[in-house]
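Examination of the molecular architecture
The residues making up each chain are set out below.
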Amino acid sequence: MNEIRVNTWEECEVEFQKIEHFNRNSFIPACFRGHADARWSLITTLERRTTAISSFLEYYRKMLVIKPAIETFTNSIWDMPEFAEIQK
């Protein structure tokens, strides 16, 4: 994995544009996500804060538990369907 260090947001944008240009004809386009260590796996916040999830119902229940924290950190409302709606 190549690491590119930048000092400003402007430098970061230039590097993103270079990567996107290089990958413009790729079957899978470049995607970016911030991470402090390239060796860390990409998992959701929910997955990081819980143990193994074995069913959708368990996943949904855990989402309900963390919903207030997500809304607080994002300063937005996280609309979730009622469980009865998704059972259809």
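Keep in mind it's a predicted model, so treat the numbers as computed, not measured.

Here is what the cut-offs are and how they apply
- Residues numbered from 1 in each chain as written.
- Predicted model: local features only at pLDDT ≥ 70, side-chain atom pairs only at ≥ 80, totals over all residues.
- Heavy atoms only, no water.
- Helix = DSSP H or I, 4+ residues; strand = E, 2+ residues; numbered from the N terminus.
- Buried < 20%, exposed > 50% of the residue type's maximum accessible area, 1.4 Å probe, protein only.
- Contact = heavy atoms within 4.5 Å.
- Areas by Shrake-Rupley, 256 points an atom, 1.4 Å probe, with all protein chains shown as cover.
- Phe/Tyr/Trp six-rings, centres within 6.5 Å; stacked < 30°, edge-to-face > 60°.
- Salt bridge = Lys/Arg side-chain N within 4 Å of Asp/Glu carboxyl O.
- Bend = angle between axes of the 7 residues up to and from the residue.
- pLDDT = per-residue confidence, 0-100.

**Structural notes on the overall build of the chain**
The helix and strand inventory of the chain stands at four helices and zero strands. Counted from the first residue to the last, the chain has its helices and strands arranged as α-α-α-α. The proportion of buried residues among the 88 residues of the chain is 9%. Here the analysis covers contacts within the chain between residues at least 6 apart in sequence; of these, 14% occur between residues at least 24 apart. When the accessible area of the chain is evaluated, it comes to approximately 8,000 Å², of which 56% is carbon and sulfur surface.

**Observations concerning the packing of aromatic side chains**
This structure, assessed with the given rule, holds two aromatic pairs. For the ring pair Trp 9 and Phe 16, a centre distance of 6.3 Å and an interplane angle of 80 degrees mean the geometry is edge-to-face. Overall, the relative accessible area of 53% leaves Trp 9 in the exposed class.

**What about the pattern of salt bridges?**
Taken as a whole and judged by the stated rule, the model has two salt bridges. Across the pair Lys 18 and Glu 15 runs a salt bridge, and its minimum N-O distance is 3.2 Å. Pair noted here: Lys 18 and Glu 15 are both in helix α1 (residues 9-22), with a separation of three residues, about one helical turn. For Lys 18, a relative accessible area of 49% translates into the label partly exposed. The partner of Glu 71 in a salt bridge is Lys 67, with the nearest N and O atoms 2.6 Å apart. Of this pair, Glu 71 and Lys 67 both sit in helix α3 (residues 56-74), four residues apart, which is roughly one turn of the helix.

**Details of α3**
Counting along an α-helix, one turn takes 3.6 residues, and residues three or four places apart therefore face a common direction. For α3, the principal kink sits at Ile 66 and spans about 45 degrees; a proline, Pro 68, occurs within the next four residues. Note on α3: the residue one or two positions beyond its end, Asn 75, has a positive phi of about 55 degrees.

**With respect to the confidence of the model for the chain**
Low-pLDDT stretches of the model should not have their predicted coordinates read in fine detail. On average, residues of the chain carry a pLDDT of 79, and 84% of them reach 70 or more. When the elements of the chain are averaged for pLDDT, helix α2 (residues 45-49) gives the smallest value, 69, and α1 the largest, 87.

**Notes on the environment of Ile 86**
Along the chain, Ile 86 falls in helix α4 (residues 83-86). If near-sequence neighbours (up to four positions away) are discounted, Ile 86 is found in contact with Phe 56, Tyr 60 and Pro 81.

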